[in-house]
Each structure stands twice: as C-alpha cells, then as structure tokens.
Amino acid sequence: MVKSLFEEKLNSGKFLVTTEIGPPKGTDTSELINAIDLLKDRVDAINVTDHQSSVMRYPSLGGCLLIKERGGEPILQMTCRDRNRLALEADLLFAYSRGINNILCLTGDSIDVGDHKTAKPVFDLDSVQLIRMVKTLESGKDIAGNNLKGAPEFCVGASVHPEADFIEPQLVKFEKKVTAGALFFQTQGIFDLSSLRRFMQFASQFPVKILAGIIVLASAGMARYMNNNVPGITVPPAIINELAGTEKGKGLKKGIEIAAKSIKTIKDEKICHGVHIMAVGNEKIVPEILEMALAG
Amino acid sequence: MIVAQQKPLEEINRMIDPYEKILIVGCGTCMTVCDIGGEREVALLSQALTLLQTTKGTKKHSFYISTVKRQCDPEFVELLKEKLSNTDAVLSLGCGIGVQAIAEKFSDLPVLPGVNTLFIGMTKEQGVWDERCAACGECHLENTGGICPITRCTKGILNGPCAGTKNGKCEANPNMDCAWIQIYNRLERLQQLDKIRQYYEPRNYLPLQRPKRFINNALYSAGETHG
Amino acid sequence: MSTSLNAESLVQVHQSSDRSFMPPCQVACPLHMEIREYVDLVAQGRIMEALKVIRNGNPFPAICANVCTHPCEEACRRGQVDSPIAIRALKKFAVEYGGDRMIQTETCTKYSEKVAIVGSGPAGLACAYYLRKTGYPVTVFELHTEIGGMLRVGIPRYRLPQYVLDIEGERLTRMGVEIRTNVRVVSLDLLFELGYKAIFVTVGAHQSLKMEIEGEESPGVIDGATFLREVNLGFRPYLGKKVGVVGGGNVAVDAARTAVRLGSEKVNILYRRSRNEMPADSVEIDMALEEGININFLVQPVKITRQNGKLIVTCIKMELGEADSSGRRQASPIKGSEFDEEYDSLITAIGQIPSLPSDFKIGTGRGSTIQVDPVTLTTNRPGVFAGGDAVTGPATVTEALSAGRLAAKRIVDFLQHKYPEREKDKEAITTPLLEETIVNIKKLARIDPPVLPAKDRMDFIQEELVYDWKSAINEARRCLRCGMGAEITSQDECASCLTCLRTCPYKIPQVNPEGIVEIPVDQCLACGLCVTECPARIISLRKPADYLDNVEEVLKNTRVINNNPLVIGFGCQYGIYGTGTLEKLWESKGRIQIIPVLCVAKIETEDILRSFIAGVAGVFIAGCGEYCAREKTAAIILKRTERVKNILKQSGINPVRLRTIFAGKDVDPAKELDKFIDDISRLLLTQAISREVKT
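Student: Where do I start with the overall build of chain A in this structure?
Tutor: In terms of helices and strands, chain A carries 11 helices and eight strands. Principal axes of the C-alpha set define a box for chain A whose edges measure 60 × 45 × 40 Å. Sequence-distant contacts in chain A: of pairs separated by 6 or more residues, those separated by 24 or more amount to 78%.

What follows is the structure, encoded as structure tokens:
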C-alpha cells in the first residue's frame, strides 16, 4: 500500500527531484514560508533538516507542518542525536497524525561540530535502529513490545555516502538500512559522477531508489569551509580550483552551472533515480538550476 | 584504571578559602600511576598552594599531607582518623570515589575534590591515557573485534559507521580514529565481517540506572557490617 | 607511608643510610679502597675531600699513585663500554692537587707495649703507620741505609722519585715511629728480650733466583735485583753496548729500561714465553719498546761462555703448550734449535725469594716464603707475625700495604687479647654490564695523563706527568658509579605505574616474572632520574650524596634585599667546579647563590618551588647541556621547569623568574645569566613602580 504521494512518485519511474530547506534559528518563519512557496510545485518533495550540523533551529517537524499547510510534500528528517526512543516514537506518531508520511532516518551529526558544544549527546538509537523503529510502529507495536492504539505508516528513507574514502563499511551500512526497510536514499554531496556510477553498480541490486545529493557551492572559500567543518562532505580540489578561478561575485553563478551540469548528466545517462538538491541557504536559485538542468 | 586531571590552582584555592587547617590526601593506586594525586603530587600541591598564599600576602591556611594506599576501601580511609583531629577540611586528590569515601567516613568534615575524574582508561605511552571503557554493563566487544564502539565512537552507535568519517578519522575530532573503520578492519583481519553485517538492537540502559550497586554473592554475607 | 608535616618544614624524604654494593674496583683493590667515592669527588672538583677518602684507605697514596699495578682498572666495568677509568692517574692527581705532602697525622702514645717491625718495605711501613695511629710505640728496623725496601732499591727512579719515600719516612718519624736504619736483625729472641711484645717480620724477597745453567757465575752476569739496587743507591755501572736481560716480569723490564738510560745501545729482553704471558705491566712493556728495547720471545738461555771479553749466550727456542694451573701456557724447548748470541753483559731477572736468618726460627714453605695463618698472619712463633713479599713471594706494593694494615690490626688484637674477627664484607657487584645497558651509555674516550716522549726519557727523572685540572675531572666523570644505584624502598607502596621503567635512559628497571618492578643493582648507573620522577617517591639511591639537603640551609641564611635581587641557581657540580663547562657562571654580575647538585636532572620540582616560597627573586638552573656525560638530562629538566612555570603562572608569579641555562658551543653562561638578572631587575622595577602608582 502506498503510504504517501512521494512514494507514488518513487514508484512512477520518473526522474525524481527533491530539495531541502533549513528552518530559521528563531520563531520568524517568513523566509521559510517563502522558500516553501517557491519550491513546493517545482520538486517532488521537500526535506526539512533537523538541527543540521548540530546547530539549534526551529524543529523539522514544525517545518514539515508548514509545508503541508502550504500544499507541498514534506520529508521529515529525523536524527537520533537529541531524542531518546520514547521521544522519537512520540514524534513519529504525531507526524503521522498530521499527514507527514515521509521520513529520512539519520544518526545525526555530533554535538561537537555545532553551536551547543556543552550539550549532552543522546544517540539512544542509530539510523538503522530508527528505520526498524518506524517499521515496528507500523506493525502496531512500540519497540518495547507494547500494543499501539492506532499505528502509523511511513515511506522510509535513509542516507548513504558513495564518495566515502573507505567504501566497504559504508556499503555494509547501506545494506543494513535496506534490510531494515528503507525505500529511498538521498546521498551525501556527489562531486564525482564516476564514484556514483560505481556505487550504483552495487546498489542497483536492491529495490530502492537512489537520489544523488547535489550541493550548490558559492565560492572556493565555502567549499574549503565545508571540507573542514561539515561532516560527510569532501569537495575535490578540481572543483575548488574551478571556483577559485572565477571572477569575484560570479562564484554562485559558477556553482549553479556546476550543479546543473551534474544533474543533467545524471538524468540523461540515467545514472540513478533522481537528485536531491542542497542549496545551503540559497534556496532561491533552485528553480534556476532546475531550468538549466532539465529543460530540453 | 581511573584517570583524572588536577583542578586549576585558582579553583582549588577558592574551594579551600573558608578553611584554615587543610589535610591534603593522596591515593596510592590509580592517582599515583597517572601521576595526578600520589605522594609526590600531594607534596607539590601543598607547595603550590603555599606559594600562592605567599604571593597573595595572606597566611590563611596550614597544609598537612598524607597518602593512603587506596581511598576506595574503608579500611584505608580509616587510617586517616588521627590526622583529622586537627583538620578543618580535607582536600582529596583521589578520584570522585575517594572524595566520597572520605566524606562518608568522616561526615562532620568538609571534603573537597582536588581533581576532575575523567574516565576509565589505559596507558598508551608515558603520559598519555585513552578512555577505553564506559562501564555500560553490557559488554559488546565480542561483536566488534575487541574495539569498544561506546567509548571510541563519538556517537556510541552500534550499527556503524556514520557518514562523518573522513580519512579514517572522526568528524568530531580529526585526531581521533573512526572506531568503526577500526572495527571493520579488525573484523576483516579476524575473518568475522559477518558480525558487522548483523543488525544490533538499541542498547539496554537498564544496567546504567543510577545509583548502581553490585553484590558479589560469593563474598557477601548478609547481616555483617563493615567498619 | 604517610607523613604529617607542616608544609613549611617539608623535609626531603631521602633515606640517609648506605645500602650500596661494593663496586668491582673496590673488590679488586687489595686495600679495598673506596675508589668509587674518591673518583666521584674528583669529578666534582672536590680534590681535598677526595684525598681524604684516599687516605682513609691507603697510608701512602703518593707511593701507590706512582707504582700501583691498578687491579682496579682491570676490574673496572667502564672497560666494557669503552676504556677503564684511569684510576691510578686520578689518584696521583688527587695527591698532587690535594696537598698530600702537607698532611700530618696527629698521634699520641696510648699504650705501653712496644712493637718491632723487621723490614721497612711497604708492608712494614704500613704496619708501623697503623700501629702508631692506634697509639702503640713502634720501632722499624731496616737493613739498608734508607727505608723503603723494594720501593727504594727495586723500583727505578723514573717511576718512583726519591723524595716520595723520603716524605713518607719523615711523616712517620713525626708521628713518633722510631726508625733505625743500617741495622741487621739476626735474632727475634733478642728483640723479645729488649722488651718488644710483638714482632712483624717483613723482610721482602730480595734474593734473586739462579738460572742454574753453566756459566752463570761468569763476570758480566749480574742479577736484576742487585743491579737495580746499585743504580738506585747512586752507582752508574757501565754494561757495555749490548745487554741481555733474562725474564719477563717488572724487574726484567725495569732492568732493561735502566740499562738504556745508562747508555747501552742495544738491549734485548729474552723471555721464554710470548707477550701474552709476560707478567710485567703492559704500559711498561710498551714504553720499553718505545725506548728501543727489543724483546726476543720464546727463547731461553741454556749456557753462557766467556770469550774475548764478551759473553756468548747460547739460547734455545721455545714453543707454547697447554696452560698450567695459573692459566698461562707452558713453554717447552724445541730440540736442536740452539743458537748463540754475543752480549757485553747479561742481567738475570727470573724471580726473587726471601732470605731469612735461620735464627729467626720461623717456619718457611714453598719458595722459602714464610708460612702464616691467612686470617691472623701469625707464624709458628707466638707473637711473631709476617707479611709482604716474605710471605707471598714477589707481589705488588698494594698487596704489601694491605698485609701491613692487616698485621697491625692483628697485632692489636693479640696485644689486647681480642678475638680476631673475620671482616664481614659488604655485598659486591660481581656481574658484568649487560649488552642492553652498554648500548645506551654515551661513549667517551679515556684521557690518559701526559707522559714524556721517549727521547726525553733518557734520564732518571720522573716520566709520567700529572693531569691538568680539566683532563682529570673529565676522566673521572666517566665513572659509572657501580653499586650505588636506585632502589625501590617500599614494594608495598609501589603502584607499578612503570614510570621508572619508561624514564630510565638505560632501560634498567624490569618487571620480574611475579609482576614486581625491580631495579637490578648491578646494572643501574645511579643517574637519579627515576628517583625524581617516581610518583610515589619510593625510589632512592643506595648511597645518596646530594647537596640538595642543603636547600633549606641556604634559603634560611640568605636574606632578600629588594633593590638587589637575590637569585638562586641550581648548578651542576661537575660542570661548575669540575669540568669547567659552567665555570663562566662566576663571571656574571648579579648577586647569585649557587646550590651545586650532582646533575641537574636530580633537581625536583619541589626544590624550585621552595625557593620561590622563601621569596627569592629568581631561580636558574645551569646544566652541562650537550657536554653532559649522562643521557637525556636537558630534556628532563626542561619538562620539569615547564611544569613549575605552569604552577608559577597559576600562583601569580611571573614565569620569567625561572630560567634554564645549558652550556653549549655557542653559549656563554655568564651572558645568559646576566640577561636573566636584567630581566628580573626590570620586572621587579615595574612591579615596584606599579605598587607606588597604586598607593
């Protein structure tokens, strides 16, 4: 049984496009709403991040509710960093009750990289255990074995890191997530399509949909910063150089070009099932990218 | 063994401020091994505090020193009795256990902690100690080739690795190896990679409920009291 | 172990007892002198104290310093690393620089029993010295006109100058010993009748052995002992151009070298075995070869004939066979290998035996030597003791001194009716250094004292000169201080933290099979690093000799004057007073008080803090740096001072007030110190001004 609109699209065989928005650090959701409105009809689903990079923000669940209100299709990103199993289960029940049916299950970045460095890291569960938890709730029980009065249903996704420098353990983890019940995967930022191809050779044996993560860079400095400070991202030197070589002020344009080119190639060559665009605060440019990449 | 770090001198000085006669007590076991609170460090601290007094121009405190073999056993703590008759406060350089053991035995005396207890760890080389055990009560080392994911993985996950590993190092601390890469390599070496392919249930935190107590029935006789 | 002490009177918790093992040098020395102790004192530049230690164990250091055969050097374990310490030469240095000549020994007569000593060789003189010191009236009877025995008549002047013996004789006389020369004692009964209660017979072995070959009585054949005696007494016999010397011991070599000095152009030593078996001192043999003397090995004279005023010496070639009981290979003649050689003179030096008047009525044994009980030195006549060459046959000076000392003790036992106790010796180091230890020791070449070149030696002036100050001390510094190393004094308090194991530059501490940490006494080189690093403070040196106990005294006695900062310095004793690497410190302009320590790595953090508590303006540590004879010391002290600076910062004291100065090629310790003093003065001035501004 199809649990959500997004799952329908997953099954439809079309080239999938998702994107993500980071909520504000505060109660002023005006920009968030603007971004939602800009993107809701242009993409198949929108992720709302959950304290991405361990920086405290307006909750992902709140962002997803807003998307729902504005008529878009939300994907709730849920990390294990800040909540124990009771809180996670409760949030899942609530999300389902408000029509949020897509979950991206993540372990979560460590506390140290964020802005509340003295906080207690929870990590009661990891991403695989979270996927299983969703599946357990769907079966009508909580993970302590108690019966539920009303069970949720979700389209479950997870993340994978095809460009990891030591790939074997990542593949082991990927398989565990598939076995646990994930239907779709959004990858970490892809910069080298050949590594994506190699990954797909392995991943295509599983009945899951892979969306390649595309990060839009605005400058060489931003690329370097991400390399050093953002977990899971490695921008290759060639791209940094390309960005460094552009005229001042034209960095973002270059970034958009690079991103669009990748998306086009992935679509044309059917390397994987779709893309997940991460504009990192520059959500306004997503339509431009899509036009550049998908027109024609 | 237990590893700790001495508190900054200013902080210790602030703690002892209300008291005049202070007995500094060291511990002859873990704290001696990591050279934080043994016989030598106790003497050194007494001198450093005296020096601080001298430069501040005050002469508030008199320091006395003593070291017992282990502060975590009541029989050894008992040996401090005579020295405490002329003491206003005890500054213990033992781990948190020691401080509390002394406080429990001599409940009329303020007992101050001179060190911050950090972890249970092993010596890597002279002067370097790494945490190795979180005392989680559910040892999982059989499945990870002898490498503990709770203490050596920042997130302490059981189905690792996460995506934050880069060049074999952890996203949180580029000087720390990613435990799960280590585990993968070790299991490969032991030809036990099926262990990392297994799904591990969420941890059972029941053993960690505090306060914790362990009774070894082979040693314990109900009704017998200790000194 | 717990100590409840008020921190202000914190006393170093060092053990004060001596638990050291006897080092191999001391074991090998017939007098069991405290060689390790006096060599260390020399290394520190404390020469007069070194001489005191020497005189404690040896009544005539000036004599031994020249002629001792130094069995200590053979046993010296430094020899396993590079070369043995030049102990004899260092003793000579101490004798000269320590003012041995000026030392007089105070005595008074406490007892009435008179003791007679027959013979004034080293054994007799030593016995006289010790008996007189104890307070007994002593008379020494000497056959010749001058005292000294073999020292006077047997050892050439270029090895032992005349005046050395004369000074000792003079000293003994001043002590109250009655010396009667030119007296031949023919009967011991007579001595007893004259009122002597005990007699020490020590007539030496002066009678040369005969070769027992045909023609031995020919003119031109002279025995070595007689030859040397005559030369020492002032005669200058002419031996002709070509001289042969038969024998391989010191007498033979001395005779050969004397013959060269008397003008003979060609001197051949004829020895029946090879160089390996020659009992003479190796250095002497080398010097003889330098002087142009030739040694014919594996030959033995079998006949002498006189022809045309020359001696025809028929020799036979020898070959070496199996080793005998003494370990030396036996020589046997090769049949039919006789050959003739022409000489102007032939000196025989194949050994000496004692000759006793039969009226002495004492039992003799093999080689005509007097038989004595080895513990009490008594002969078969009650009250008559014997020692020296007369008992052992030709032996060394030091062995004779040892016999004389023992005889004095036994005579005292006899006269006071005391039971002659056997001396209980301290435990000794008997094992060699392990390869693992040797590989970590810094290699330093042996520095020998200067010697006159061969061409300048053709006279009877003393050929070996004395070290200069720096050479002596640098040589003494190589000593490994065997047997006084570190010891874990309380296994119960040992936390087995393994700090000592990891700190030791020589990798000496070991975990034994039971899991207990031990520091093997025969490998530890007493550098003291583990003592200062042990977190439980339970390691101490078996024989601490530190100045650090003085810190309180020094601090108590120095007052702080505000406008002339007092700076305390911990300086390496070896570098400041000894080797000279740090002597430039004295040229600094500041008001400094130096506390010498035996290697700066032994300074503990607490000692530095104590100085600041006492209110000094600054503390510096001056070490030998790259010139240190030990390992890792600069690195250790730098780590330690970092620790102290941290504490100083947290205590409100500017860490600039603590400085380390290491001697080095491009470093002038005085300039460094001056810079330090300037920095402190500036700091104090700023503080004073800011105080004034506040008020």
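Additional details are given in the paragraphs that follow.
Student: Is there a simple way to explain the interface of chain B and chain A in this structure?
Tutor: Counting from both sides, the interface comprises 24 residues of chain B and, opposite them, 28 residues of chain A. Those elements giving two or more residues to the side of chain B that touches chain A turn out to be α7 (179-189) and α8 (194-197) of chain B. A total of three residues in the side of chain B that touches chain A trace back to one element, the largest contributor, which is α7(B). In the side of chain B that touches chain A, the residues fall into 12 nonpolar, eight polar and four charged.

Student: Could you clarify how one ought to interpret the interface of chain C and chain B in this entry?
Tutor: Accessible area lost when the parts come together is the quantity often used to give the size of an interface. Taken together, the contact pairs 27 residues of chain C with 32 residues of chain B. Those elements giving two or more residues to the side of chain C that touches chain B turn out to be α19 (499-503), α23 (605-613) and α24 (633-650) of chain C. When residues of the side of chain C that touches chain B are assigned to their parent elements, the largest contribution, six residues, is made by α23(C).

Student: I would appreciate a short explanation of unusual backbone geometry in the present structure.
Tutor: Glycine aside, negative phi is the norm for most residues, and most peptide bonds take the trans geometry. Residues and elements named next belong to chain B. Following G160, the chain continues to P161 via a peptide bond in cis, the omega torsion being -5°. Despite not being glycine, A135 has its phi angle at roughly 50°, a positive value. In this fold, A135 is placed in the loop between β7 (128-133) and α6 (149-152). Residue A135 is classed as exposed on the basis of its 12 C-beta neighbours within 10 Å.

Student: How should I be thinking about the environment of A:I36 in this particular structure?
Tutor: Residue and element names in this part refer to chain A. With respect to the helices and strands, I36 occurs in helix α2 (residues 30-39). On the neighbour-count criterion, I36 (23 C-beta atoms within 10 Å) is buried. A sequence separation of 78 residues divides I36 from G114, and the C-alpha atoms of the two residues are 25 Å apart.

Student: What should I look at first to understand the nonpolar core in this one?
Tutor: Soluble, globular proteins show a tendency: their nonpolar side chains are buried together. Core analysis: the biggest nonpolar cluster contains 245 residues, and C:V42, C:V201, C:V245 and C:A256 have the highest contact counts within it. Counting residues per element, this core draws most heavily on helix α16 (residues 397-415) of chain C, at 10 residues. Residues in contact with C:V201, not counting those within four places in the same chain, are C:V118, C:G119, C:F360, C:I362, C:I370, C:V384, C:A386 and C:A390. Core analysis: the second largest hydrophobic core is formed by 94 residues, A:L61, A:I131, A:V156 and A:A260 among them.

Student: Mind showing me how you'd approach the domain arrangement of chain C here?
Tutor: Residues and elements named next belong to chain C. Split by domain assignment, chain C resolves into domain 1 (25-103 + 433-476), domain 2 (114-204 + 359-415), domain 3 (207-352), domain 4 (485-541) and domain 5 (548-694). Taking the mean C-alpha position of each, domain 1 and domain 3 sit 32 Å from one another. Counting residues at the interface gives six residues for domain 1, matched by four residues for domain 3. Along the lines of polarity and charge, the residues of the side of domain 1 that touches domain 3 split into three nonpolar, one polar and two charged.

Student: Would you explain the packing of helix α8 (residues 122-134) of chain C against helix α10 (residues 162-175) of chain C in this entry?
Tutor: Geometry of a packed helix pair, given as the angle between the helix axes and the separation of the axes. All names here are of chain C. Across the interface, α8 lies against α10 with an axial gap of 10 Å and an inter-helix angle of 30°. Looking at the two axes, α8 sits roughly parallel to α10. Two packed elements cross with a definite hand, and for α8 against α10 that hand is left-handed. Contacts between α8 and α10 pair L125, A128, Y129 and R132 from the former with E168, L172 and M175 from the latter. In the contact of α8 with α10, the residues fall into five nonpolar, no polar and two charged.

Student: Where do I start with the pairing of strand β4 (residues 196-201) of chain C in this structure?
Tutor: Both faces of the sheet carry side chains from a regular strand, because those side chains alternate between them. All names here are of chain C. Two elements, strand β1 (residues 114-118) and β4, share five bridges in a ladder whose sense is parallel. Of the residues in β4, the one forming a bridge with K114 is Y196. Bridge analysis of β4 against strand β16 (residues 384-386) gives three bridges, and the strand direction is parallel. Its bridge partner being in β16, F200 is matched across the sheet by F385.

Student: Quick question: what am I supposed to make of the sheet that holds strand β6 (residues 221-223) of chain C here?
Tutor: Whenever strands of a sheet pair, they do so through backbone hydrogen bonds, lying parallel or antiparallel. Residue and element names in this part refer to chain C. Read from one edge to the other, the open sheet built from five strands follows the order β6-β14-β7-β8-β9, with strand pairing classed as parallel. In this open sheet, the two edge strands, each paired with only one partner strand, are β6 and β9 (294-296). Averaged over all pairs of adjacent strands, the angle between their axes in this sheet comes to 25°, without regard to strand direction. Here four bridges tie strand β7 (residues 242-246) to strand β14 (residues 345-348), and the two strands are oriented parallel to one another. Note that in β14 the partner of V245 across the bridge is I347. Set on the sheet, helix α12 (residues 224-232) makes contact with β6 and β14; between it and β6 the angle comes to about 80°.

Student: Quick question: what am I supposed to make of the environment of C:D389 here?
Tutor: Residue and element names in this part refer to chain C. Assignment of secondary structure puts D389 in helix α15 (residues 389-392). Of the residues examined, D389 has 30 C-beta atoms within 10 Å and is grouped as buried. Ignoring any residue separated from it by four or fewer positions in sequence, one finds D389 in contact with M150, G204, A205, P354, P394, A395 and A400.

Student: It is not clear to me how the pairing of strand β4 (residues 89-92) of chain B should be interpreted in this structure. Could you clarify?
Tutor: All names here are of chain B. In terms of strand pairing, strand β2 (residues 21-27) meets β4 through four bridges, oriented parallel. Across the sheet, the residue bridging to I22 is A89, located in β4. Where β4 lies against strand β5 (residues 111-113), three bridges are found, and the strand directions are parallel. Across the sheet, the residue bridging to V90 is V111, located in β5. Between the parallel elements β4 and β5, the chain passes through helix α5 (residues 96-105) in a crossover that is right-handed.

Student: What is the right way to look at the sheet that holds strand β6 (residues 115-125) of chain B in this model?
Tutor: All names here are of chain B. On the basis of which strands lie adjacent, the open sheet formed by three strands has the order β1-β6-β7 and antiparallel pairing. Edge strands, defined here as strands with exactly one partner in the open sheet, are β1 (2-6) and β7. If you compare each strand with its neighbour and ignore which way they point, the axes differ by 70° on average.

Definitions and limits used
- Residues numbered from 1 in each chain as written.
- Chains lettered and ligands numbered in written order.
- Predicted model: local features only at pLDDT ≥ 70, side-chain atom pairs only at ≥ 80, totals over all residues.
- Helix = DSSP H or I, 4+ residues; strand = E, 2+ residues; numbered from the N terminus.
- Contact = placed C-beta atoms within 7 Å.
- Nonpolar A, V, L, I, M, F, W, Y, C, P; charged D, E, K, R; others polar.
- Buried ≥ 20, exposed ≤ 12 C-beta atoms within 10 Å, placed from the backbone.
- Core = buried A, V, L, I, M, F, W, Y, C linked by C-beta atoms within 7 Å.
- Domains from an automatic or database assignment.
- Axes fitted to C-alpha atoms, helices over the stretch in contact; angles between N-to-C directions.
- Parallel < 35°, antiparallel > 145°, perpendicular 65-115°, else oblique.
- Left-handed = near helix turned anticlockwise from the far one by under 90°.
- Pairing = 2+ DSSP bridges.
- Right-handed = clockwise from strand over helix to strand, strands pointing away.

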